[in-house]
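Now for the letters of each chain:
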Amino acid sequence: QVQLVESGGGLVQPGGSLRLSCAASENIFSITVLGWYRQALGKQRELVAHITSAGSINYADSVKGRFTISRDSAKNTVYLQMNSLKPEDTAVYYCNAVSIWGTPLGSWGQGTQVTVSS
């Protein structure tokens, strides 16, 4: 099975930026929808962005205009550029394959912690 490893999280002030990376063990972009999920303490895990094999992209309303999902096939990596970060963005961020229902298809990794605080 494909392994996905998240990185790039950290502590940032409100209004700041971070870029998260999701490195895949093999090239799956041609067959798999990939997405970024996040889970804040005490809240449900939610899908914040995904990209299809054809390059179509969708975002949750809460991050539209601030986050950008992209991919680099040569590096087998999906990115999430996060700008204008808000305290509400604080969460553990995970990448995973995404079903047609928006649910994850793979196992969860460790994720990467994003903390937005002044």
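Structure report, in brief. Throughout this description, residue numbers start from 1 for each chain and increase along the sequence as written. Two thresholds apply to this predicted model, a pLDDT of at least 70 for residue-level local features and 80 or more for giving and counting side-chain atom pairs, whereas whole-chain, interface and lining totals are computed over all residues. Excluding hydrogens and water, the side-chain figures rest on all heavy atoms present in the structure.

Moving on, we get to the layout of surface pockets. There is about 290 Å³ of room inside the largest pocket. Points on a 1 Å grid over protein atoms alone make up a cavity when a 1.4 Å probe fits among them but cannot get out, and a pocket when they form an open set with protein on both sides within 12 Å along at least five of seven lines; lining residues each have an atom within 4 Å of a point. Val 2, Leu 4, Asn 96, Gly 106 and Ser 107 are the residues nearest the centre of the largest pocket, which is lined by 16 residues in total. At the level of elements, strand 1 (4–7) and strand 9 (91–97) are the ones that each hand at least two residues to the lining of the largest pocket. Of the residues in the lining of the largest pocket, the class split is 8 nonpolar, 7 polar and 1 charged. Grid points are joined across faces, edges and corners, and a volume is the space filled by probe spheres set on the points. Secondary structure counts use DSSP, requiring at least four H or I residues in a row for a helix and at least two E residues in a row for a strand, with both numbered from the N terminus. Side-chain classes follow a simple rule in which Ala, Val, Leu, Ile, Met, Phe, Trp, Tyr, Cys and Pro form the nonpolar group, Asp, Glu, Lys and Arg form the charged group, and the remainder, Gly included, forms the polar group.

Another aspect to go through is the nonpolar core. The nonpolar side chains of soluble globular proteins are, as a tendency, buried together. Residues grouped as a nonpolar core are buried Ala, Val, Leu, Ile, Met, Phe, Trp, Tyr and Cys residues, joined through side-chain atoms within 4.5 Å. Throughout this description, buried means an accessible area under 20% of the type-specific maximum (1.4 Å probe, protein chains only), exposed means over 50%, and partly exposed covers the range between. By size, the foremost hydrophobic cluster in this structure holds 27 residues, and its most contacted members are Trp 36, Leu 80, Met 82 and Tyr 93. At the level of secondary structure, the elements contributing two or more residues to this core comprise strand 3 (18–24), strand 4 (34–39), strand 5 (46–51), strand 7 (67–72), strand 8 (77–82), strand 9 and strand 10 (112–116).

Below, the discussion takes up the sheet that holds strand 7. In spatial order, the strands read 1-3-8-7; together these 4 strands make up an open sheet with antiparallel pairing. Either end of the sheet is taken by a strand with one partner, and the two such strands are strand 1 and strand 7. The sheet shows a mean angle of 15 degrees between the axes of neighbouring strands, taken without regard to direction. By the convention used here, strands pair only if DSSP detects at least 2 bridges between them. As paired strands, strand 1 and strand 3 are joined by 4 bridges and run antiparallel to one another. Across the sheet, residue Ser 7 finds its bridge partner in strand 3, namely Ser 21. Fitting a line to C-alpha atoms yields each axis, with helices limited to the stretch in contact; the angle taken between N-to-C directions then spans 0 to 180 degrees.

Take the packing of aromatic side chains next. Stacked, edge-to-face and tilted labels apply to pairs of Phe, Tyr and Trp rings (six-membered ring for Trp) whose centres lie within 6.5 Å, assigned for plane angles under 30 degrees, over 60, and everything in between, in that order. If you walk through the whole model with that rule in mind, you get 2 aromatic pairs. Where Tyr 37 meets Trp 108, the ring centres are 5.1 Å apart and the plane angle is 85 degrees; that geometry is what we call edge-to-face. With Tyr 37 in strand 4 and Trp 108 in the loop between strand 9 and strand 10, the pair connects residues that are 71 residues apart, well separated along the chain. Accessibility expressed as a relative area gives 3% for Tyr 37, which makes it buried. Since its relative accessible area comes to 32%, Trp 108 is described here as partly exposed. When the ring of Tyr 94 is compared with that of Trp 108, the centres are 5.4 Å apart and the planes differ by 65 degrees; the resulting orientation is edge-to-face. Within this pair, whereas Tyr 94 is found in strand 9, its partner Trp 108 is found in the loop between strand 9 and strand 10, the two being separated by 14 residues in sequence. For Tyr 94, a relative accessible area of 11% gives the class buried. Note on geometry: a ring has a charge over it if NZ (lysine) or CZ (arginine) is within 6 Å of the ring centre and within 35 degrees of the ring normal. Over the ring of Tyr 94 we find Arg 45, and its NZ or CZ is 4.4 Å from the ring centre. Arg 45 extends its terminal NZ or CZ atom over the ring of Trp 108, reaching a point 3.8 Å from the ring centre.

Among the 6 residues of strand 4, 5 are classified as buried, and the element is accordingly described as predominantly covered. Inspection of the sheet shows strand 4 paired to strand 5 by 5 bridges, in the antiparallel sense. The partner of Arg 38 across the bridge, within strand 5, is Glu 46. Turn length for the strand 4-strand 5 hairpin, with the two strands adjacent in sequence and antiparallel, is 6 residues, and the turn residue Gly 42 shows positive phi of about 75 degrees. Inspection of the sheet shows strand 4 paired to strand 9 by 6 bridges, in the antiparallel sense. From the neighbouring strand, Tyr 37 faces strand 9, where its bridge partner is Tyr 94.

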